[in-house]
Amino acid sequence: MISRAGILSVALCLLLAAGCAQHPPADQAASDAASHYDYPFDNPWTATVLGTPSQFQAQLPADARIDRRTLRVFEGGEAPEGFWHNDRLQYSTLLQDGEAPLVFVIAGTGADDQSRHMLMLGQALHAAGLHVVLLPSPTHANFIVNASATHLPGYPESDAADLLNVMRLVDNRLRESSVGISRYYLTGYSLGGWNAAYVAKLDEEQAGHPRQSVERSGFGFERVLLINPPLSVYHSVKEIDAMLERGLPDGIYGLDAFLNRALARLAAYPSADALNFQDPDFMVAAYQRMRPTEDQLAAVIGLAFRLAAANLVLTSDVMTQAGYIFPRNRPFLSKTPMSDYLAVALRTSLLDYFDDMLAENYLPRKPGRSRRDLLDGTSLATIGEWLSHQDRIWLITNQDDIILAPGDLDELLRLFGPRTRIFPNGGHMGNLQHRAVTAFITDYFTR
Amino acid sequence: MLPRFAGPNPLVPISLVLLLATGGCSGSSGTGQYEPPRRSLDTVSTDPAQARDVLLVSDPLEGANRRVYKFNAQLDQYVLVPVVDAYQFAVPSFLRRRVTSFFLNLGEISIFTNSVLQASPSKATPTLGRFMINSTFGLFGLFDVATELGIPRQIADFGQTLAVWGADTGPYLVLPALGPSNMRDAVGTAVDWATLSFAIPSSILDKTVYDYAPTGLQPTDARYRIPFRYHSTGSPFEYELVRYAATVARKIEINSPSPLPEFPE
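Residue numbers restart at each chain and count upward from 1, following the sequence in its written direction. Each chain takes a letter, starting from A, and each ligand takes a number, starting from 1, following the order in which they are written. Given that the model is predicted, a residue must reach a pLDDT of at least 70 before its local features are reported, and side-chain atom pairs must reach 80 or more before they are shown or counted; all residues, however, enter totals for whole chains, interfaces and linings. Side-chain calculation: all heavy atoms of the structure are included, whereas hydrogens and water are not.

J.: Outline the overall build of chain A, supporting the account with residue identities and numerical values.
T.: A run of DSSP states H or I qualifies as a helix once it reaches four residues; a run of E qualifies as a strand once it reaches two. Both are numbered from the N-terminal end. Assigned secondary structure in chain A consists of 17 helices and 8 strands. Residues counted as buried form 56% of the 447 residues belonging to chain A. Looking at chain A alone, contacts between residues at least 24 apart form 79% of all its contacts between residues at least 6 apart. Total accessible area computed for chain A in this model is approximately 18,800 Å², and 52% of it derives from carbon and sulfur atoms. Only protein chains enter the accessibility calculation, which uses a 1.4 Å probe. A residue is then buried if its area is under 20% of the maximum for its type, exposed if over 50%, and partly exposed in between. Every residue pair with non-hydrogen atoms within 4.5 Å of one another is taken to be in contact. Method for areas: the Shrake-Rupley scheme with a 1.4 Å probe, in which residue coverage is limited to the protein chains shown.

Right, here's the structure in full:
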């Protein structure tokens, strides 16, 4: 009879032996291929949905420590109980041990500081030797509730002011804990890239402003990179609404039938493991089995954005008590049934939000301006004169980015001129994890 | 993907009873006293009754369910996630995988029982083989040798058995600590736990390693395996979205064909 200790020690030896065999062989070919662009999907809809299969991805060290931190931006002003879990702004940091430049990263529409693209950007930039601060998008509920002065995202200047305010608080906190920061950089993807342009401009305007303390005379971002930004939020929302109509001709009425069909096809294949939509290789396998049409892919992308819009509209509505889709005098509690409001929110485009909620808040303060002016004001072209003289602000995007309306890419090229890197394919953010794209981004901040 | 635990937990039958008792006083949400919003179902659609149906799952116990949902989110925030974070920090991933394999191997017992109850030899045979291979060559289940040999894990639980024999899901339920379920699967979960606790032959359970099974390691591993974090969607509609996703994911799990063994060429 073998003793307990005997069994355990044998087991332990085996575990250790097996553990030593687990180290993957170093992939030497990967670093040589960093500059070679061979992203596999030429269909922009496919690229946007599937992202980058693992064999094309940049190799990043997995040991970077990502710290989730919380911040109280405004004192007082309790949020309704329904947001009990959402009482502080959440952001993340990846810090170096010694002095280094600090890069702020702004998330895209409806994304928070730890969304897939954000974690990937954070790890890549940290591996390149930078301090990284990941910030949620001003369109994310956590930001709307905790860091937006108006609780109404979408107006470029006020979003920039909110973001800059958060950046100052985070910067103060890092300096208090004696993190050595040599200079400041800024980036963001999708809507976050668009935000970054306005943040850089506002920061420059406020620099040297007497209201600022001597210590904080503006960040003076030395390098700014806009990753797949829209030219005009108005144009891009129209494009995205059209995607939804394309895949769902009956509108949201057809949503359940659409999902049921997709899930039935997915379920027809045996698999004992949970459906893992975070894993791009699972996505590729599912895609190959389901063979979705372009219209169906467009609908999926349109739906993802529509859901982000629904979250934004409800959150802004509750926080401003506008009585838009949620009754003005109804308390928003964690026990409040929301099904009816979800059904309305899914039928509410960001254009409705611009027309009804944002316009009503901003137009009275800007006499002589129309709704149309407000929509046109969401284009980077309105700050084009300033942008075209900014050698520190670069653009990286794709020839086939699906959120750009016809003509938008030409306009972006006109604004940024030679400070542009255009990849031939990749859709919207599909190629972000490709090693050549990752290499371009990290090179931009380290060269 | 969604919060669900497997394993013996004496609290659950009690909480089920409590849930059933409180469920009766839930649907007290009259909407008459509220000023209608500018955009309502009436203004965005010509057929409000049909328009309401989007992503909708019947939820007669919504009031109680939503309270339990908040309780679960708080339990996660203050207890389970900190424990899982500490576990991930302290225990190397190789050992964490061994722990997971060990408990999944124990779970084969109820997969086997239910495969038999479902009269499905195509599930029962590989499951029996898996349990025997992994419990011996796999060192009490620490290693999942069977999967590497091409014998995939099957899906079978008592909720599924009830479904196979024609039971309806019953109302949607959010179970304390366990998360989204329904009346049928809640009964199934309770029966599976009872099976594990009482029906395992002592010749199997007498082995030393199994003495460590019912410690805090099991709930830790169970929570560790599920990447879902409450309120990480950032959506004020998270309750509705989770309700929909959990319901369809479970439907798929129950209806999907059993994975076939693959034989290496």
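J.: Outline the pattern of salt bridges, listing residues and values.
T.: Residue and element names in this part refer to chain B. The term salt bridge refers to a side-chain nitrogen of Lys or Arg lying within 4 Å of a carboxyl oxygen of Asp or Glu. One pass over the full model with this rule turns up 32 salt bridges over all chains. For Glu108, the salt bridge goes to Arg153, with nearest N and O atoms at 3.7 Å. Taken together, the residues Glu108 in helix α5 (residues 93-117) and Arg153 in the loop between α7 (145-148) and α8 (158-164) connect sequence positions 45 residues apart. Each of the two residues, Glu108 as well as Arg153, counts as buried. Between Arg250 and Asp157 there is a salt bridge, with the nearest N and O atoms lying 2.7 Å from each other.

J.: Can you break down empty space enclosed by the protein residue by residue, with the values?
T.: In this analysis the probe radius is 1.4 Å and the grid spacing 1 Å, with only protein atoms considered; a cavity is a set of points the probe fits into but cannot get out of, a pocket is an open set with protein on both sides within 12 Å along at least five of seven lines, and lining residues have an atom within 4 Å of a point. Grid points are joined across faces, edges and corners, and a volume is the space filled by probe spheres set on the points. All chains considered together, the criterion is met by 7 cavities of 30 Å³ or more. Considered as a void within the structure, the largest cavity measures approximately 280 Å³ in volume. Thr109, Leu191, Val233, Val237 and Leu350 of chain A are the residues nearest the centre of the largest cavity, which is lined by 24 residues in total. Contributing elements (two or more residues each) for the lining of the largest cavity: α7 (191-206), α8 (233-247), α11 (294-320) and α13 (350-362) of chain A. What lines the second largest cavity is a set of 16 residues, and nearest its centre among them are Gly82 and Ser334 of chain A together with Arg66, His231 and Tyr239 of chain B. Of all the elements in the fold, those that place two or more residues in the lining of the second largest cavity are α4 (62-90) and α12 (238-255) of chain B. Among the elements that take part in the lining of the second largest cavity, α4 of chain B stands out by supplying 3 residues, more than any other. Amino acids are sorted into nonpolar (Ala, Val, Leu, Ile, Met, Phe, Trp, Tyr, Cys and Pro), charged (Asp, Glu, Lys and Arg) and polar (every other residue, Gly among them). Of the residues contributing to the lining of the second largest cavity, the split by class is 7 nonpolar, 6 polar and 3 charged. By convention here, the domain bounds are inherited from an automatic or database domain assignment. Counting the residues that make up the lining of the second largest cavity, at least three belong to each of domain 1 (34-232 + 380-446) and domain 2 (237-365) of chain A.

J.: Please set out α5 of chain B residue by residue, giving values where relevant.
T.: Compared with the 36 Å implied by 1.5 Å per residue over 25 residues, the 36 Å span of α5 of chain B between its first and last C-alpha is a close match. Among the residues trailing α5 of chain B, Ala119 of chain B stands out with phi positive, at a value near 55°. Working rule for helices: expected span equals 1.5 Å times residues minus one.

J.: So what's going on with the packing of helix α4 (residues 116-127) of chain A against helix α17 (residues 435-446) of chain A? Residues and values would help.
T.: Residues and elements named next belong to chain A. Interaxial distance between α4 and α17 falls to 10 Å at its minimum, and their mutual angle equals 50°. Relative to α17, α4 is oriented oblique. Here α4 and α17 pass one another in a crossing that is right-handed. Across from Met120, Leu121, Ala124 and Leu125 in α4, the residues of α17 making contact are Thr438, Ile441, Thr442 and Phe445. Simply put, an axis is a line fit to the C-alpha atoms, just over the touching stretch for a helix, and the angle between two N-to-C directions goes from 0 to 180 degrees. When describing relative orientation, an angle under 35 degrees is termed roughly parallel and one over 145 degrees roughly antiparallel, while 65 to 115 degrees is termed roughly perpendicular and anything else oblique. By definition, any crossing whose near helix is turned counterclockwise from its far helix by less than a right angle is left-handed, and any crossing with a clockwise turn is right-handed.

J.: Account for helix α6 (residues 156-176) of chain A, naming residues and giving values.
T.: Spanning 21 residues, α6 of chain A covers 30 Å between terminal C-alpha atoms, matching the ideal 30 Å at 1.5 Å per step. One or two steps after α6 of chain A, the chain reaches Ser178 of chain A, where phi turns positive at roughly 50°.

J.: Kindly report on the environment of Leu117 of chain B, identifying the contributing residues and their values.
T.: All names here are of chain B. Inspection of the secondary structure assignment puts Leu117 in helix α5. Each C-alpha atom of the pair Leu117 and Asp157 lies 9.7 Å from the other, and the pair is 40 residues apart in sequence. Apart from residues lying up to four places away in sequence, Leu117 is in contact with Phe158, Thr161 and Trp165.

J.: Can you tell me about the pairing of strand β7 (residues 393-398) of chain A, naming the residues and giving the values?
T.: All names here are of chain A. Of all 6 residues in β7, 6 are buried, a share of seventy percent or more. Going residue by residue along β7, you find Ile393, Leu395 and Thr397 tucked away on one face and Trp394, Ile396 and Asn398 tucked away on the opposite face as well. Any two strands between which DSSP finds at least two bridges are classified as paired. In terms of strand pairing, strand β6 (residues 223-227) meets β7 through 4 bridges, oriented parallel. Bridge assignment links Leu226 to a residue of β7, and that residue is Leu395. In the sheet, β7 pairs with strand β8 (residues 420-423) via 4 bridges, with the strands oriented parallel.

J.: How would you explain the sheet that holds strand β4 (residues 131-135) of chain A if you had to name every residue and give the values?
T.: In a beta sheet, neighbouring strands pair by backbone hydrogen bonds and run either parallel or antiparallel. Residues and elements named next belong to chain A. As summarised here, the arrangement of the 8 strands in space is β1-β2-β4-β3-β5-β6-β7-β8, forming an open sheet in which the pairing is mixed. Both edges of this open sheet fall to β1 (67-71) and β8, since each of them pairs with a single strand only. Neighbour to neighbour, the strand axes of the sheet diverge by 20° on average, direction disregarded. Sheet topology places strand β2 (residues 89-94) next to β4; 3 bridges connect them, and they run antiparallel.

J.: Any chance you could break down the domain arrangement of chain A for me, citing the residues and the numbers?
T.: Residues and elements named next belong to chain A. Structurally, chain A comprises domain 1 (34-232 + 380-446) and domain 2 (237-365). Of note, the centres of domain 1 and domain 2, computed from C-alpha atoms alone, are 24 Å apart. Every contact between the two is made by 37 residues of domain 1 and, on the other side, 32 residues of domain 2. Buried area, as used here, totals the accessible surface that two parts lose on assembly, with accessibility defined by a 1.4 Å probe and the loss added over both. Together domain 1 and domain 2 conceal approximately 3,000 Å² of surface at their shared face, both sides included; 73% is due to carbon and sulfur atoms. On the domain 1 side of the interface with domain 2, the three residues burying the most area are Trp45, Leu50 and Leu152, jointly 23% of the side's total. Applying the counting rule to domain 1 against domain 2 returns 0 salt bridges. The term polar contact refers here to a pair of N or O atoms within 3.5 Å; inside protein, the definition further demands a hydrogen-donor-capable atom paired with an acceptor-capable atom, and it admits residues adjacent in sequence only when both atoms are side-chain atoms. Connecting domain 1 to domain 2 are 6 residue pairs in polar contact (both at pLDDT 80 or more). Taken together, the elements giving at least two residues each to the side of domain 1 that touches domain 2 come down to α3 (44-50) and α5 (141-146). Considering every element that reaches the side of domain 1 that touches domain 2, the biggest residue donor is α3, with 5 residues. Its residues assigned to classes, the side of domain 1 that touches domain 2 shows 20 nonpolar, 15 polar and 2 charged.

J.: An account of a nonpolar patch on the surface is needed here, citing residue identities and associated values.
T.: Residues and elements named next belong to chain B. For patches, a residue must show more than 30% relative accessible area and have no salt bridge; joins then use 9 Å for like charges and 5 Å for nonpolar side chains, namely Val, Leu, Ile, Met, Phe, Trp and Tyr. Residues Phe112, Val116, Leu128 and Met132 make up a contiguous nonpolar surface patch of roughly 350 Å² in combined accessible area. Within the residue set of the nonpolar patch, elements represented by two or more residues are α5 and α6 (121-136). Topologically, Met132 is positioned in helix α6. Take Met132: its relative accessible area is 51%, and that puts it in the exposed class.

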